[in-house]
Amino acid sequence: MQVSFVTEILQRIAPEFGAAVEMEPAWGYAGRVVFPDGRAMRFVGTHCDANPLGAAALVNDKAYAKHFLRAAGLPVPEGEAFFSRAWEREVGSDRTPDAALAYAARVGFPVFVKPNALRAGIGVHCVGSPTGFADAVRRITRRDRVFLVE
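Residues numbered from 1 in each chain as written. Predicted model: local features only at pLDDT ≥ 70, side-chain atom pairs only at ≥ 80, totals over all residues. Heavy atoms only, no water.

Chemist: Looking at this structure, how should I read the packing of aromatic side chains?
Modeler: Aromatic ring pairs are described here by two measures, namely the spacing of the ring centres and the angle between the planes. For the structure shown, the criterion picks out three aromatic pairs. Taking 5.8 Å as the distance between ring centres and 45° as the angle between the ring planes, the aromatic pair formed by F82 and Y103 counts as tilted. Taken together, the positions of F82 in strand β5 (residues 80-83) and Y103 in helix α5 (residues 97-107) put the pair 21 residues apart, joining distant regions of the chain. There is no split in this pair, since F82 and Y103 are both buried. Stacked on the ring of F35, the Lys or Arg R39 has its end atom at 4.9 Å from the ring centre. For the cation-ring pair, R145 lies above W87, with the distance from its terminal atom to the ring centre recorded as 3.6 Å. (Phe/Tyr/Trp six-rings, centres within 6.5 Å; stacked < 30°, edge-to-face > 60°. Helix = DSSP H or I, 4+ residues; strand = E, 2+ residues; numbered from the N terminus. Buried < 20%, exposed > 50% of the residue type's maximum accessible area, 1.4 Å probe, protein only. Lys NZ or Arg CZ within 6 Å of the ring centre and 35° of its normal.)

The structure is reproduced here in structure tokens:
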């Protein structure tokens, strides 16, 4: 039976916590992890209820998600996060739009500039020049205070 990668991972690590993985027998797609104290964590495919709010918040922030994906050994695009002028002042950072432009020039155009918290390709720009870069950053920072340059 072919199981999802989440199921495979759960089956591999559950014994380290003294837990058991119970699978639905027909497809191996849904199940639960039962811990020694009786608590259970349910899952279906790649969705599990270990901490759904935390997981949802994490994946809604591309910069954080990239960090953890890279740390897990998965390939992710090279890039860095930068801040709108207002946000960089508020958090006291040097990750300014000017620093982003310098980064883009260093890695070489064209680059992708995209909002950190939007999805489905909304606000993603492929830019080939400093002028196009400035325009993309201006558009993105109207909607998101953090943007990525990849």
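Chemist: How should I be thinking about the pattern of salt bridges in this particular structure?
Modeler: Side chains carrying opposite charge are able to pair once their charged atoms draw close together. Across all of its chains, the model carries nine salt bridges by this definition. The partner of E150 in a salt bridge is K114, and the shortest N-O contact between them spans 3.0 Å. Note that E150 is positioned in the segment after β8 (146-149) and K114 in strand β6 (residues 111-115), a separation of 36 residues in sequence. Among the residues examined, E150 registers a relative accessible area of 17% and is labelled buried. (Salt bridge = Lys/Arg side-chain N within 4 Å of Asp/Glu carboxyl O.)

Chemist: Honestly, the layout of surface pockets in this entry has me stumped. Any pointers?
Modeler: To find the voids left in a structure, one rolls a probe of water-molecule size over its atoms. Taken as a whole, the second largest pocket holds about 210 Å³ of empty space. Along its surface, the second largest pocket is lined by D61, A63, Y64, A81, F83, W87, N116, A117, D144, R145 and V146. Across the lining of the second largest pocket, the residue classes break down as seven nonpolar, one polar and three charged. (1 Å grid on protein atoms, 1.4 Å probe; cavity = no way out; pocket = protein on both sides within 12 Å on 5 of 7 lines; lining within 4 Å. Points joined across faces, edges and corners; volume = space filled by probe spheres on them. Nonpolar A, V, L, I, M, F, W, Y, C, P; charged D, E, K, R; others polar.)

Chemist: Got a minute to help me understand the pairing of β8 in this structure?
Modeler: The two faces of a sheet get side chains in turn, since along a regular strand they alternate between them. Where burial is concerned, the two faces of β8 agree: the one with V146 and L148 and the one with F147 and V149 are both buried. In terms of strand pairing, β5 meets β8 through four bridges, oriented antiparallel. Bridge pairing in β8 links F82 to F147. The pairing of β6 with β8 spans three bridges and is classified as antiparallel. Paired with V113 across the strands is V149, a residue of β8. (Pairing = 2+ DSSP bridges.)

Chemist: What exactly am I supposed to notice about a nonpolar patch on the surface here?
Modeler: A surface patch of nonpolar side chains, about 400 Å² in accessible area, is lined by F5, I9, I13 and F17. With respect to the secondary-structure elements, I9 resides in helix α1 (residues 5-13). Take I9: its relative accessible area is 38%, and that puts it in the partly exposed class. (Patch = residues over 30% accessible without salt bridge, like charges linked within 9 Å, V, L, I, M, F, W, Y side chains within 5 Å. Areas by Shrake-Rupley, 256 points an atom, 1.4 Å probe, with all protein chains shown as cover.)

Chemist: I keep staring at the sheet that holds strand β1 (residues 20-23) and nothing clicks. Help me out?
Modeler: Through backbone hydrogen bonds, the strands of a sheet pair up, either in parallel or in antiparallel fashion. Across the sheet, four strands lie side by side as β1-β2-β3-β4; this open sheet has antiparallel pairing. A single partner strand is all that each edge strand has here, and the edge strands are β1 and β4 (47-48). Note: β1 against strand β2 (residues 30-34), four bridges, orientation antiparallel. Bridge pairing in β2 places E22 opposite R32. Helix-sheet contacts for α1 involve β1, β2 and β3 (40-44), and the interaxial angle to β1 is about 145°. (Contact = heavy atoms within 4.5 Å. Axes fitted to C-alpha atoms, helices over the stretch in contact; angles between N-to-C directions.)

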